[in-house]
Amino acid sequence: MDYLWGGMLILGIVYGSMTGRMAEITEAALDSSKEAVSLCITMTGVMCFWVGMMKIAQESGLLKALSNKLNPVLSFMFPDVKEEKAREYMAGNIIANLFGLGWAATPAGLKAMEELQKLNRGDKSTATKEMCAFLILNISSLQLIPVNMIAYRGQYGSADPAMIVGPGIAATAISTMTAVVFCKIAAWREVRM
Amino acid sequence: MKFLMYLSDACIPILLFIILSHAFMQKTKVYGAFLEGAKDGFKTVISIMPTLVGLMCAVGVLRASGFLDDAAKWIGMVIPEQIFPSELVPVAIIKMFSSSAATGLVLDIFREYGPDSMFGKIVSIMGSCTETIFYTMSVYFMAVKVRKTRWTLPGALCATAAGLAASVVLGKMI
């Protein structure tokens, strides 16, 4: 992470000096930090709201019912996570992702990471295999209906904006399947080593 | 189509309704629970804020320097046209860093080729099966202060590559 971040900045500055874009870089650095803070402020509201809602669902037992429904999936992907809270948050994140509720998915995902970190018995600065698997699954994108994309297609005069739903699901299934296979192989190699 | 749009609009209100009515049936103290969760959520955001500032600055600088766009062009030149259309390489690359920037590029492609062209279809599918890898990874890992991410990045790239390949194949088919 240290090298990645520092490298990105240095690469940007060196490349920018070659292409003569120093002014743009200054502007970008300052603008981006401003943008990040305003994003955080927006996110604070959303985060408070969704984690609050999730807490209600947790205390009423709704989240538990959902995570029980997802039990086969969770047990398959995360066989070593027995702890209730971590499973509930992961289930919440997966479901929110499926329905394209990105704003609800992130809070659940972050809470799930916190719970997984509590279960981390080794070095706390190193990811556990559950964390890796959970993130890869997240990045493989589980979305069923790409609402934004359909809206953009409509805006630009597509004859059938929703035609991509089927292929989209197929492509998502393929990327998610690849993710699952990758995680399984990586976890298996780790056990053997 | 109309139904689908309605469904996407109604999704969140329905979800809230289900959560609350279920909680009432179980006699949960809803407001107390909400406040407790909200406090929790607040703490999480504050803890990831420095990460976001750092990350967005780095991506912003890299984009402003023109490196991302040029790198996408170079990669596009190397990859044979039959496997992955070079016009779409920038979208695929930028998407890994920034979702909003990628959306801008997708809209450019819609404008230029039309959403129902082959390129239009491919980017539409691509958008629905790929995620912002670097953004997601840094926010999630930084929230719990993990620095060694082990096989997350290779796995994420693998899944994304599979998704991209699938989009191209499917986009050409339909």
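Visitor: I'd love a proper account of the overall build of chain B, names of residues and values included.
Guide: Tallying secondary structure elements over chain B gives eight helices and zero strands in all. The order of helices and strands in chain B, counted from the N terminus, is α-α-α-α-α-α-α-α. On the principal axes, the C-alpha backbone points of chain B span a range of 60 × 45 × 30 Å. Across the 174 residues in chain B, those meeting the buried criterion constitute 55%. Across chain B, contacts joining residues at least 24 apart in sequence account for 61% of those joining residues at least 6 apart. Surface exposure of chain B reaches about 8,200 Å², of which carbon and sulfur atoms provide 70%. One way to put it: in chain B the 15 positive side-chain charges average out to a point 13 Å from where the 11 negative ones average out.

Visitor: Account for the environment of Ala65 of chain A, naming residues and giving values.
Guide: Residue position: Ala65 of chain A is located in helix α3 (residues 62-69). With 39 residues separating them along the chain, Ala65 of chain A and Ala104 of chain A place their C-alpha atoms 18 Å apart.

Visitor: Kindly report on the pattern of salt bridges, identifying the contributing residues and their values.
Guide: Residues and elements named next belong to chain A. The final tally for this structure, using the stated rule, is 13 salt bridges over all chains. For Glu130, the salt bridge goes to Lys129, with nearest N and O atoms at 3.7 Å. Relative accessible area serves as the criterion here: at 22%, Lys129 is assigned to the partly exposed category. Sharing partners across several salt bridges, the network here consists of Asp80, Lys129 and Glu130.

Visitor: Hey, could you go over the interface of chain A and chain B for me, with residue numbers and the actual values?
Guide: Much of the literature gives interface size as the accessible area that the parts lose upon coming together. On the chain B side, the residues contacting the 101 residues of chain A number 95 residues. Here chain A and chain B share an interface that buries about 8,300 Å² over both sides, 78% of which is from carbon and sulfur atoms. Where chain A meets chain B, there are five salt bridges. Linking Asp116 of chain B and Arg153 of chain A is a salt bridge whose minimum nitrogen-to-oxygen distance equals 3.0 Å.

Visitor: Describe the nonpolar core, listing the residues and the values that go with them.
Guide: Generally speaking, soluble globular proteins have nonpolar side chains that are buried together. With 111 residues, the main nonpolar core has Phe78 and Met113 of chain A as its most contacted residues. Excluding residues within four positions of it along the chain, Met113 of chain A makes contact with Met131, Phe134 and Leu135 of chain A together with Tyr140, Phe141 and Val144 of chain B.

Visitor: Report on the domain arrangement of chain A, specifying residues and quantitative values.
Guide: All names here are of chain A. Domain boundaries assigned for chain A yield domain 1 (1-60) and domain 2 (61-193). Here the C-alpha centroids of domain 1 and domain 2 sit 22 Å apart. Domain 1 puts ten residues into the contact, and the matching count from domain 2 is twelve residues. At the boundary of domain 1 with domain 2, total buried surface from both sides reaches about 1,100 Å², with 74% on carbon and sulfur atoms. Taken as a group, Trp50, Met54 and Gln58 account for 48% of the area that domain 1 buries against domain 2, more than any other trio of residues on that side. Remark: the boundary between domain 1 and domain 2 carries zero salt bridges.

Conventions and cut-offs
- Residues numbered from 1 in each chain as written.
- Chains lettered and ligands numbered in written order.
- Predicted model: local features only at pLDDT ≥ 70, side-chain atom pairs only at ≥ 80, totals over all residues.
- Heavy atoms only, no water.
- Helix = DSSP H or I, 4+ residues; strand = E, 2+ residues; numbered from the N terminus.
- Buried < 20%, exposed > 50% of the residue type's maximum accessible area, 1.4 Å probe, protein only.
- Contact = heavy atoms within 4.5 Å.
- Areas by Shrake-Rupley, 256 points an atom, 1.4 Å probe, with all protein chains shown as cover.
- Lys, Arg positive; Asp, Glu negative; His and termini not counted.
- Charge placed at Lys NZ, Arg CZ, Asp CG, Glu CD.
- Salt bridge = Lys/Arg side-chain N within 4 Å of Asp/Glu carboxyl O.
- Buried area = accessible area lost by both parts, 1.4 Å probe.
- Core = buried A, V, L, I, M, F, W, Y, C linked by side-chain atoms within 4.5 Å.
- Domains from an automatic or database assignment.

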